[in-house]
Amino acid sequence: MSRARQPPLVTGISPKEGAAWTKVTIRGENLGTGPADLIGLSICGHNCLLTAEWMSASKIVCRVGPAKDDKGEIIVTTKSGGLGTSTVSFKLLRPERIGILDQSAVWVDEMNYYDMRTDRNKGISPLSLRPSNPLGIELDKGKIPQKDMEVTFPGMSGDFTSENFSATWYLIENHSGSSFEQLKVAASNLKKQATKKNEGSLAYVKGGLSTFFEAQDALAAIHQRLESDGTERVEGSMTQRLENILNRASDTADTLFQEVLGRKDKADSTRNALNVLQRFKFLFNLPLNIERNIQKGDYDVVINDYEKAKSLFGNTEVHVFKKVYAEVETRIGALRSLLMEKLLQTPSTLHDQKRYIRYLSDLHASGDPAWLCIYAQHKWILQLMQNCRDEFISGQRDWRFETPQQVQFVEKLSDVVVGQLPNFWKLWISYVNGSLFSETGEKSGQVEKSKKNARQRQNDFKKMIEEMTLRLVKLVRGALLPTTLPQAELKLYGGWENKTELTGAWLTQIIHTVRGCHEALSALEIPNDLLQVIQDLLLELRVHCLMVTLLHTTEDVKTLAEKEAWVVDNEGITSLPSQFEQCVVQMLQSLKEPLEIKPGEINVLQLDQVQDQATELSVSIMKVFINCLEQLSTKTDGDMEKSHNISVDLSSPDRFHGIQEGFSPTSEQRLLIILSNCQYLERRTFLNLADHFEKHGFTGTEKITRVSVDAVRELDRKLFDAYIERRADPIAGSLEPGIYAGYFDWRDCQTPTGVRNYLKEALVNIITVHAEVFTVSKDLVPRVLSKIVESVADEMCRLMQCVSSFSKNGALQARLELFALRDAIAAFLNAESNSSFKLALDALPQLHSGADKKLLEELLNKFKSSMQLQLTCFQPSCVQPVKR
């Protein structure tokens, strides 16, 4: 029945070669059912059963003995399977043996040689003091967590070498899946092992019993010999001689082996030193490695090595370790100083700042590196802002562009603030929430310490932000609004007196830049109260831009008079009103951005003082233009000082073709052109501008319009009176000399034959005025002609009333001329004119004769017929204003 199982088969061995006493692991099939079943094991022909440990049916561990053959098979023999076979072989290496007196460069480890006598049955293998499988059955590791086992068996252990060994723990951990039959086999194996241990001790005593008897006999003989020899001889007793021999042997041995043993002690010391260096090479190489890694910038590696060394050797009492660790601390101190220098160095990126702060925190640097960095950055940003101003003031910058220096300065200053302040703020936020530190810092409590420090320094940081925003505002004020700074601060922030005065367009660009800066800082969620000074600056800049634009527009309007070309359109208007309106509209459009209300800003036009100033300046613009018109009306040159004969002007064939480009108008024509422009201003321009002012938020539009209309009406009245005075007085003054030409007498005159020439000449002069006015503006014809006719009618009335008496023919002549004049200019008669004609006719004697009346009618018709062409201009159809 024992031969029923398959014979053992060895399929592998590890390692496959080695010197004598090399521990090998044999694997295969059917290698036995237990330690008792294994009865033979040979490797290269040498019996290795003494050192064999049966692990399982597929694994055996043993040591290779000093076999004779250099290479051979591995043969396993079991009770159940018999003699086995092998598919692999083992190669035995034979190292050169070194004698105890031979010199060697290395120390040869001593090995325990076991007595390979096979006639001794040793109970326990000397291979291991702790058999890995004391039960002798296959292990079946359980999956129960170690923590659960410790809770279940408090104070116990599953290690069978422990004093608190728990068999239940061991079985659950290593044989949780073993069957009951297997556990029975394991119990039987334990009993056999205990029996073998006892038998082995007894067998050892039995085997050495004869040796004990021989030693006993020798000791008895020596004792008997000593008793028989009772006298001392010259050389002394036997024991004395033996002692001397032993002492000489000892001295000889010392002499022989002193050098060898000295070399051995030195070798032991060297080996121990090498072992220490090898074992602790991390510490001994650490100073040099720290130096190399610092040069390469691998600060993380340095910090990790330092933390490891500190945990291992920070509290060591070994002098050598203390000395090396002190050198490590010196290098780390230098690294702290280097990192602190890099941290405070400017400029630097936010990423580098965070890295250096984390490194210093992990190195347990003294103080608060993060706050020192924040403070250094604060000072650096302030210095950058001040340097920016100093560069512009000292003229160190290149002015190749036409952009004013103040504009370039504000843009550069804004770039500095927008480029640096966000990183400064983010660094503070990281400092507050503790994100500057690594996991090491979190474990060491650096995060909580940082948060506590941040809470304590919150007011200090707020003052830093306030100082930077205030410095920004003061620098901008010094460049643009120096009057808003105290005298003591002008030296530090001013110095722009010799620079170009900015226009509204450049101020608008500056406002845009400052607004962009404010928006960038607001996006960082900086509290609004810290940015309020920038809002206040923006308000004053917007007001300043408004006032400067209005003032510059006033100056621009003054120059419009020089652009008057005296070319009128079909409405009698020159380009001057249009240019004025365009100038004001462009001004309002340029103010669109400064007057725009951004989030957090107020409407500058709702401020009472600003509203009043803007209204006054707007009114000033209107008045300046009206003054320009008045100056143009009184402008004279050499050609215009010459007197113009109204009658001669009629000879020009182009007199009524309109005033074309290149034409030089007379002073009277200038009056008419400006009168036409004044009417257009009142009817159109001022109303359009009022709409534009309201559209852009100006609140004083009503006052601006009212004052402007009043001023232009006053100018219109003055110019109209001046023109009427120039044209009406000569016509009215020519009547009296004409009437009495040739010593004419109302009391002694012939029968009338027609209208006399003085009246025709007066009508021709009126026609000339009509032509002059009509050439400029058709709309002015009724107004001017009515006033001219009124003056002529008044003069005729005066002359008629001054006549003391009329003859019959004189009365008829006077009535004919009054009727002819009245009928010719009937289209321009007004109440005053009609009243004058009525008074003049009332001063004449009445006609009673029918013949006289008939003659009057005939002569009147004859006059109208003869002057029909000239009188056509007085027809109502000819004086209707042109439709617009």
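S.K.: Could you clarify how one ought to interpret the pattern of salt bridges in this entry?
M.R.: For side chains bearing opposite charge, pairing can occur when the charged atoms are close. Counted according to the given criterion, the structure contains 33 salt bridges. For R717, the salt bridge goes to D721, with nearest N and O atoms at 3.4 Å. You can see R717 and its partner D721 sitting in helix α23 (residues 701-739), four residues apart, about one turn around the helix.

S.K.: How should the pairing of strand β8 (residues 71-78) be read in this particular structure?
M.R.: Here is the key point about a regular strand: its side chains alternate between the two faces of the sheet. β8 sits mainly inside the fold: six of its eight residues count as buried. Here strand β4 (residues 38-43) runs beside β8; their pairing, made up of five bridges, is antiparallel. Counterpart to I43 in the pairing with β8 is I74. Relative to strand β11 (residues 89-93), β8 runs antiparallel, the two sharing three bridges. When the bridges of β11 are listed, K71 appears paired with K91. Where β8 lies against strand β9 (residues 82-83), two bridges are found, and the strand directions are antiparallel. The partner of T78 across the bridge, within β9, is G82. What sits between β8 and β9 in their antiparallel hairpin is a turn of three residues.

S.K.: What is the right way to look at the packing of aromatic side chains in this model?
M.R.: Each aromatic ring pair is described using two quantities: the centre-to-centre distance and the angle formed by the ring planes. Scanning the entire structure with this criterion turns up 15 aromatic pairs. Between F693 and F698, the ring centres sit 5.1 Å apart and the planes meet at 75°, which makes this aromatic pair edge-to-face. F698 matches F693 in its accessibility class, with the two residues each being buried. Centre to centre, the rings of F744 and W746 are 4.8 Å apart; their planes meet at 90°, and the pair counts as edge-to-face. Chaining the aromatic ring pairs together yields one cluster made of W371, F424, W425, W428 and F461. One cation-aromatic arrangement involves R756 over F744; the distance from NZ or CZ to the ring centre is 3.8 Å. Positioned above the aromatic ring of F774 is the side chain of K778, whose terminal nitrogen or guanidinium carbon lies 5.3 Å from the ring centre.

S.K.: Help me understand the packing of helix α17 (residues 528-558) against helix α20 (residues 608-634), please; the structure alone is not making it clear to me.
M.R.: Relative orientation and spacing of two packed helices are given, respectively, by the angle between their axes and the distance between those axes. Packing of α17 against α20 leaves a shortest axis separation of 8 Å and a crossing angle of 5°. As summarised for this structure, α17 and α20 are arranged roughly parallel, according to the angle between their axes. Touching V543, L546, M547, L550, L551, T553, T554, V557 and K558 of α17 are V610, Q613, A614, L617, S618, S620, I621, V624, F625 and C628, all from α20. Class assignment of the residues belonging to the contact of α17 with α20 gives a composition of 13 nonpolar, five polar and one charged.

S.K.: Would you mind showing me how to read the sheet that holds strand β7 (residues 59-63) here?
M.R.: By definition, the strands of a sheet pair up through backbone hydrogen bonds, in either a parallel or an antiparallel sense. One open sheet holds the five strands; their spatial order is β6-β7-β3-β1-β10, and the pairing between them is mixed. With one partner strand each, in any of the chains shown, β6 (53-56) and β10 (85-86) form the two edges of the open sheet. Sheet topology note: the strand β3 (residues 23-29)/β7 ladder contains five bridges and is antiparallel. Paired with R27 across the bridge in β7 is K59.

S.K.: I would appreciate a short explanation of the environment of C44 in the present structure.
M.R.: By the element assignment, C44 lies in the loop between β4 and β5 (46-47). Separated by 26 residues in the primary sequence, C44 and D70 place their C-alpha atoms 7.0 Å from one another. What C44 contacts, discounting residues up to four positions off in sequence, is A67, D69, D70, K71, G72, E73 and F90.

S.K.: Would you explain the nonpolar core in this entry?
M.R.: Across soluble globular proteins, nonpolar side chains have a tendency to be buried as a group. L480, L546, F580, V784, M800 and F874 are the most contacted members of the largest nonpolar core, which has 192 residues in total. If sequence neighbours within four positions are ignored, V784 has contacts with L672, F720, Y723, I724, V769 and V773. Within the second largest apolar cluster, 21 residues are counted, among which are V24, L38, I43 and V64.

S.K.: Hey, could you run me through the confidence of the model for the protein in this one?
M.R.: The predicted coordinates ought not to be read in detail in places where the model reports low pLDDT. Summary statistics for the protein give a mean pLDDT of 80 and a share of 87% for residues scoring 70 or more. When mean pLDDT is compared element by element in the protein, strand β1 (residues 9-14) scores highest at 94, while helix α21 (residues 646-649) scores lowest at 37. Here residues 109-129 is a poorly scored stretch, pLDDT under 50, and it has 29 contacts once near neighbours within four places are set aside; other chains count. Confidence drops under pLDDT 50 across residues 878-884; counting only partners more than four residues distant or on other chains, this segment forms 15 contacts.

S.K.: How do you make sense of a nonpolar patch on the surface when you look at a structure like this?
M.R.: Together, L171, F180 and L183 make up a nonpolar patch on the protein surface, roughly 270 Å² of accessible area in all. Counting through the fold element by element, F180 comes out in helix α3 (residues 180-207). The exposure class assigned to F180 is exposed, which follows from its relative accessible area of 59%.

S.K.: How do you make sense of the pairing of β11 when you look at a structure like this?
M.R.: The side-chain alternation of β11 yields one buried face, formed by F90 and L92, and one unburied face, formed by S89, K91 and L93. Two elements, strand β2 (residues 17-19) and β11, share three bridges in a ladder whose sense is parallel. Among the inter-strand pairings, E17 is bridged to a residue of β11, identified as K91.

S.K.: What exactly am I supposed to notice about helix α7 (residues 299-313) here?
M.R.: Owing to its 3.6 residues per turn, the α-helix brings residues three or four apart onto one side. Under the 1.5 Å per step criterion, the end-to-end length of α7 is 21 Å for 15 residues, consistent within 8% with the ideal 21 Å. Considered for burial, the residues of α7 that qualify are Y299, V302, I303, D305, Y306, A309 and F313. Seen end-on, α7 carries its buried residues on one side only, within an arc spanning 165°. When the buried face of α7 is taken as reference, the exposed residues oriented beyond 90 degrees from it are N304, S311 and L312.

Here is what the cut-offs are and how they apply
- Residues numbered from 1 in each chain as written.
- Predicted model: local features only at pLDDT ≥ 70, side-chain atom pairs only at ≥ 80, totals over all residues.
- Heavy atoms only, no water.
- Salt bridge = Lys/Arg side-chain N within 4 Å of Asp/Glu carboxyl O.
- Helix = DSSP H or I, 4+ residues; strand = E, 2+ residues; numbered from the N terminus.
- Buried < 20%, exposed > 50% of the residue type's maximum accessible area, 1.4 Å probe, protein only.
- Pairing = 2+ DSSP bridges.
- Phe/Tyr/Trp six-rings, centres within 6.5 Å; stacked < 30°, edge-to-face > 60°.
- Lys NZ or Arg CZ within 6 Å of the ring centre and 35° of its normal.
- Axes fitted to C-alpha atoms, helices over the stretch in contact; angles between N-to-C directions.
- Parallel < 35°, antiparallel > 145°, perpendicular 65-115°, else oblique.
- Contact = heavy atoms within 4.5 Å.
- Nonpolar A, V, L, I, M, F, W, Y, C, P; charged D, E, K, R; others polar.
- Core = buried A, V, L, I, M, F, W, Y, C linked by side-chain atoms within 4.5 Å.
- pLDDT = per-residue confidence, 0-100.
- Patch = residues over 30% accessible without salt bridge, like charges linked within 9 Å, V, L, I, M, F, W, Y side chains within 5 Å.
- Areas by Shrake-Rupley, 256 points an atom, 1.4 Å probe, with all protein chains shown as cover.
- Expected span 1.5 Å × (residues − 1).
- Arc of directions from axis to C-beta.

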